[in-house]
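Each chain, written out:
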Amino acid sequence: MTLNKVLSLAALVGAVFLAGPVMAESSQAPLKDVHWSFEGPFGHYDQEQLQRGYKVYREVCSSCHAMNQVAFRNLGDPGGPFFDPKYPNSNDNPKVKSIAADYKVSDIDGDSGDVIKRPATSADYFPSPYANSAAAAAANGGAIPPDMSLLVKAREGGAAYIYSVVTGDGTAPPAGATIPPGKYYDPYKSGDMSANFHGDPSKMPVGGLIAMPPPLADNKVAFDDGTKSTINQEARDVAAFMQWAADPKMEERKQTGLAVMIFLVLFSGLLYASYRRIWRDVGH
Amino acid sequence: MSHPSTYEPKTGIERWLDSRLPIVRFSADILSFPTPRNLNYWYTFGGILSFCLVVQIVTGIVLAMHYDPSGTGAFLSVERGIMRDVNYGWLIRGIHANGASMFFVAVYLHILRGIYYGSYKAPREVLWLLGCVIYVLMMATAFMGYVLPWGQMSFWGAKVITNLIGALPLVGKPITTLLWGGFSVDDPTLNRFFSLHYLLPFVIAAVVALHVWALHVPGNNNPTGVNVKSDTDTVAFHPYYTVKDGFAITLFMIMFAVFVFYLPDALGKADNAIPANPLVTPAHIVPEWYLLPFYAILRAIPDKLIGVLALGGSIGMLFALPWIDRSHVKSMRYRPTARMYFFIWIVAVAFLGWCGSQEPDGKLIPGLESFNLIDYPINSVTWLSRFSALYYFGYFVIVFFLGLYEKPLPVPDSLYTPVLKPSAVAAPAE
Ligand code: HEM
């Protein structure tokens, strides 16, 4: 029937529209394609990668970026970078304890009431590098480095976005673009270059400006496992670490999901069999 | 219940209770309720919706135990407390957040089912109106729930939507001030939204009870739209439809679980993982998918007040449907013309939903220059919304005239005839 064909076509067009990407006025280069161990329904974190990523975070990013939703003990939780089955209670994990002890956190002295600094314990959350957001902005030319706990989920594209933006930061600006002091060109940062571009408008560069100085370089971090520290390796590892920081329960979630799916499929099979049996002699 | 009770108290205590509070009789009558034997899977969404409501209430109560409704604490209590520190908090929140979307998937299919089979027609108008009330309450509940995690989209969504109410003459400003608890979206707003978000689901539950009561007086409609004429047209609700609904609910749970366990953030917005910040406006403020068609209608109209009225009117059309459609044939199985316009209407709603997610001046056909008409180029999302919105409302006019002039196909004598297989004439067991 032609009417049906017209309708299916219309529905198809509708579906294509619905599936299409959301248009934005800002532009951005296509993100770099990275293969991650945590992709897919059986994906898991690569513990060595998380450890390398933690080192990059600790030695480079943590001087500007806070991570205030993550506690030191989380590093030793199942799926985390320093999980050790010998220490089911991650607070007791010696690696976690020694990482925490390297940080100083504010506290109140119980005897004098004075504000003091004491070494952190496993139960503390990662402290912020700045006293408050005004101090963070003042130290970074007015831009506030965002908290890293949830940054992967707060950006379209997730870990691939982090990887692309960090490696794209400081790309040589295209001819015709002027970059104001304290800013850097990044083709992957979703932005709008029109205010900083004086060339042919049809050749407007994609991407935007970022206030973060390019944080990584080859050999910036010496990895303990001997992995060669290229900038791409460092960026990939820190992005994987940030993925873990944003979604520390992923492994537990996917494992639970598998059990739930198996149960539901079997259970619906049983119900379908009961349905067929109960309705066997009933016309409908 | 409208059907004669078949319950016989068997034990002494049942007899004693039956003459004091016949609650066992009440439940037994629900289970034995005569239900048309030809209901298809589109009729399982009522059961699925009841399941959704229970799921939202149970998970919501647990979330409320760990939630802090304050501007400084809300985001952290959700993202750090519930998602990381509370045992299985990620699961409870994953179910509640995705459950809202699942609830809307089910309610939309349930409503479309009602329209297609003409379930809103006499004697089921009150049933239909109660359903529409539930739907409006669901939207209010979901909107306020979305504000609670106090992310960027929560905050700015609350701002945009509450500002709409401000567009109403006279009452607008006082209502917004009351909702805000001040002169902008702030802590007091969050507090009252939390209180109302906790309250409304119980109001929904009460209206659902009325809805089911109103269903049990005339009984179910069915895919033929032909009234039940004899006992052979029906089967007892239990076990025939408990098992069918149960099967459908497990299939629904499989889809639900795919989102909860494997795509927990797919229906959310990245911006809501950023804490609310009144000083930074997100590049793109978009409501949740289930509100997008209405958002598109709102933005399609240049005047804010008329836009708000059109938004209200688009929902009002559903309430008025029983009195707009004058056709005596219920099911669109026998109304091919009406069916065609109905399918186009679904496409128009899908277009509106898509438009709602886009920038108003986004181009439909890339690269094609066109001329401006009423603020926007013809080749723009806004104009697609305008045409779709026009059809959205036009559909109800078409339905009105079709009811008067359309020639329906012949309708079967009995709801059971079209499916009567020669081998299955035997009366249904019990
Ligand atoms: C919380 C939301 C809702 C719940 C829990 C709910 C529950 C139910 C249940 C259990 C049934 C009987 C089974 C069925 O026919 O599918 C039913 C029927 C019905 N509902 Fe709902 N409902 C809800 C929302 C709505 C809405 C929003 C509408 C329409 C605007 C609606 C319209 C109807 C109609 C017309 C029927 C009778 C259908 C027929 O017999 O053909 N319901 N509902």
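Residues numbered from 1 in each chain as written. Chains lettered and ligands numbered in written order. Predicted model: local features only at pLDDT ≥ 70, side-chain atom pairs only at ≥ 80, totals over all residues. Heavy atoms only, no water.

Peer 1: Can you walk me through the overall build of chain A in this structure?
Peer 2: Counting its secondary structure elements, chain A contains eight helices and four strands. Secondary structure of chain A in N-to-C order comes out as α-α-α-β-β-α-α-α-β-β-α-α. For 284 residues, the compact-globule estimate of 2.2 N^0.38 gives 19 Å, and chain A exceeds it by more than 25% at 25 Å. For chain A, the spread of C-alpha atoms along the principal axes amounts to about 80 × 60 × 45 Å. The burial tally for chain A puts 40% of its 284 residues in the buried class. Considering only contacts in chain A between residues 6 or more positions apart, those separated by 24 or more positions represent 59%. In the form shown here, chain A has an accessible surface area of approximately 14800 Å², with 58% of it arising from carbon and sulfur atoms. For chain A, the distance from the average site of its 26 positive side-chain charges to the average site of its 30 negative ones is 6 Å. (Helix = DSSP H or I, 4+ residues; strand = E, 2+ residues; numbered from the N terminus. Rg over C-alpha atoms; globule rule 2.2 N^0.38 Å. Buried < 20%, exposed > 50% of the residue type's maximum accessible area, 1.4 Å probe, protein only. Contact = heavy atoms within 4.5 Å. Areas by Shrake-Rupley, 256 points an atom, 1.4 Å probe, with all protein chains shown as cover. Lys, Arg positive; Asp, Glu negative; His and termini not counted. Charge placed at Lys NZ, Arg CZ, Asp CG, Glu CD.)

Peer 1: Can you walk me through the site of the ligand in this structure?
Peer 2: Residue and element names in this part refer to chain B. Neighbouring the ligand are 22 residues, the closest being His-110, Ser-119, Gly-131, His-211 and Asn-221. Contact distances for the ligand include 2.6 Å between a nitrogen atom and a side-chain N or O atom of His-110. A distance of 3.0 Å is found between an oxygen atom of the ligand and a backbone nitrogen or oxygen belonging to Asn-221. If one sorts the elements of the shell around the ligand by residue count, helix H6 (residues 125–147) sits on top with six residues. Across the shell around the ligand, the residue classes break down as 13 nonpolar, eight polar and one charged. (Near = heavy atom within 4 Å. Polar contact = N/O pair within 3.5 Å; in protein donor to acceptor, adjacent residues only side chain to side chain. Nonpolar A, V, L, I, M, F, W, Y, C, P; charged D, E, K, R; others polar.)

Peer 1: Got a minute to help me understand the pairing of strand S1 (residues 104–108) of chain A in this structure?
Peer 2: Note on strand geometry: in a regular strand, side chains alternate between the two faces of the sheet. All names here are of chain A. With five bridges connecting them, S1 and strand S2 (residues 115–119) associate as antiparallel partners. From the neighbouring strand, Ile-108 faces S2, where its bridge partner is Val-115. Linking S1 to S2, which pair antiparallel, is a turn of six residues; within it Gly-113 sits at a positive phi near 80°. (Pairing = 2+ DSSP bridges.)

Peer 1: Just to check I follow, could you spell out the coordination of the iron atom of the ligand for this structure?
Peer 2: In a perfect tetrahedron of four donors around a metal, the angles come out at 109.5 degrees. In a perfect octahedron of six, they are 90 or 180 degrees. Residue and element names in this part refer to chain B. Of the protein atoms, only His-110 (NE2) and His-211 (NE2) coordinate the iron atom of the ligand, at distances of 2.1 to 2.2 Å. Each of the six donor atoms around the iron atom of the ligand contributes to a set of angles spanning 75 to 179°, which defines the coordination as irregular. Taken together, the positions of His-110 in helix H5 (residues 89–116) and His-211 in helix H9 (residues 187–216) put the pair 101 residues apart, joining distant regions of the chain. No difference in accessibility class separates His-110 from His-211, as the two residues are buried. (Donors = N, O, S within 2.8 Å, 3.2 Å for Na, K, Ca; no water. Tetrahedral: all angles 85-135°; square planar, octahedral: opposite > 155°, others 65-115°.)

Peer 1: Explanation requested: the interface of chain B and chain A in the structure shown.
Peer 2: A common way to report how large an interface is uses the accessible area buried once the components associate. Counting from both sides, the interface comprises 51 residues of chain B and, opposite them, 49 residues of chain A. Linking chain B with chain A are two salt bridges. Taking the shortest distance from any N to any O, the salt bridge between A:Arg73 and B:Asp85 comes out at 3.4 Å. The tally of links between chain B and chain A comes to twelve residue pairs in polar contact (both at pLDDT 80 or more). Sorting the residues of the side of chain B that touches chain A by element identifies helix H4 (74–85), helix H10 (237–262) and helix H13 (336–356) of chain B as the ones contributing at least two each. (Salt bridge = Lys/Arg side-chain N within 4 Å of Asp/Glu carboxyl O.)

Peer 1: Please clarify how the domain arrangement of chain B should be interpreted in this entry.
Peer 2: Residues and elements named next belong to chain B. When the domains of chain B are assigned, the result is domain 1 (34–266 + 274–285) and domain 2 (289–421). Counting residues at the interface gives 47 residues for domain 1, matched by 41 residues for domain 2. Of the roughly 3800 Å² buried at the junction of domain 1 and domain 2 (both faces included), carbon and sulfur atoms supply 70%. Where domain 1 packs against domain 2, one counts one salt bridge. With its nearest N and O atoms 3.0 Å apart, the salt bridge here joins Asp-325 to Lys-121. Seen at the junction of domain 1 and domain 2, the total is 16 residue pairs in polar contact (both at pLDDT 80 or more). Top contributing element to the side of domain 1 that touches domain 2 by residue count: H6, with nine residues. For the side of domain 1 that touches domain 2, the per-class residue count stands at 29 nonpolar, twelve polar and six charged. (Domains from an automatic or database assignment. Buried area = accessible area lost by both parts, 1.4 Å probe.)

Peer 1: Looking at this structure, how should I read H4(B)?
Peer 2: Three- or four-residue spacings in an α-helix give side chains the same orientation, since the helix completes a turn every 3.6 residues. Taking burial as the measure, the twelve residues of H4(B) include ten buried ones, the bulk of the element. Looking at H4(B), one finds that the buried residues are B:Ala74, B:Phe75, B:Ser77, B:Val78, B:Glu79, B:Arg80, B:Gly81, B:Ile82, B:Met83 and B:Arg84. Elements that come into contact with the buried residues of H4(B) comprise helix H5 (151–154) and helix H7 (231–246) of chain A together with helix H3 (45–66), H5 and H9 of chain B.

Peer 1: For this particular structure, what's the right way to read the side chain of B:Thr176?
Peer 2: All names here are of chain B. Within the secondary structure, Thr-176 sits in helix H8 (residues 172–180). The buried category is assigned to Thr-176, whose relative accessible area is 4%. Beyond its immediate chain neighbours, meaning those up to four positions away, Thr-176 contacts Thr-162, Asn-163 and Gly-166.

Peer 1: Where do I start with a nonpolar patch on the surface in this structure?
Peer 2: Residue and element names in this part refer to chain B. Together, Val-397, Phe-400, Phe-401, Leu-404 and Tyr-405 line one region of the surface with nonpolar side chains, adding up to about 510 Å² of accessible area. Of note, Phe-401 is situated in helix H14 (residues 381–405). Classification of Phe-401 as partly exposed rests on a relative accessible area of 41%. (Patch = residues over 30% accessible without salt bridge, like charges linked within 9 Å, V, L, I, M, F, W, Y side chains within 5 Å.)

Peer 1: What am I meant to see in unusual backbone geometry here?
Peer 2: Generally, phi is negative for residues other than glycine and the peptide bonds are trans, each holding for most cases. Residues and elements named next belong to chain B. In this structure, the amide linkage connecting Ala-122 to the following residue, Pro-123, adopts the cis form with an omega of 5°. Locating Pro-123 in the fold gives a position in the loop between H5 and H6. A cis amide bond links His-238 to the next residue, Pro-239, at an omega of 5°. Relative to the helices and strands, Pro-239 is located in helix H10. Positive phi, normally seen in glycine, also occurs at Asp-375, with a value near 75°. Within the secondary structure, Asp-375 is located in the loop between strand S3 (372–373) and strand S4 (376–377).

Peer 1: Sorry, what's going on with the nonpolar core here?
Peer 2: General note: in soluble globular proteins, nonpolar side chains tend to be found buried as a group. Within the largest apolar cluster, 110 residues are counted, with the highest numbers of intra-cluster contacts made by B:Ile115 and B:Tyr395. With 14 residues, H10(B) is the largest single contributor of residues to this core. For this core, the two domains that each supply at least three residues are domain 1 (34–266 + 274–285) and domain 2 (289–421) of chain B. Setting aside chain neighbours within four positions, we find B:Ile115 in contact with B:Tyr120, B:Trp128, B:Leu318, B:Leu321, B:Met332, B:Phe342, B:Trp345 and B:Tyr395. Core analysis: the next-biggest nonpolar cluster, separate from the first, contains 52 residues, A:Ala154, A:Val166, A:Ile210 and A:Val221 among them. (Core = buried A, V, L, I, M, F, W, Y, C linked by side-chain atoms within 4.5 Å.)

Peer 1: What's the story with the packing of aromatic side chains in this structure? I'm lost.
Peer 2: Think of a pair of aromatic rings as described by two things: how far the centres are apart, and how the planes are tilted against each other in angle. Residue and element names in this part refer to chain B. Enumeration over the complete set of coordinates arrives at 52 aromatic pairs over all chains. Seen from their ring centres, Trp-345 and Tyr-395 are 5.3 Å apart, and the 25° between their planes marks the pair as stacked. On the criterion of sequence distance, the pair formed by Trp-345 in helix H13 and Tyr-395 in helix H14 is long-range, its members being 50 residues apart. Residues Trp-345 and Tyr-395 agree in their burial class; the two are buried. (Phe/Tyr/Trp six-rings, centres within 6.5 Å; stacked < 30°, edge-to-face > 60°.)

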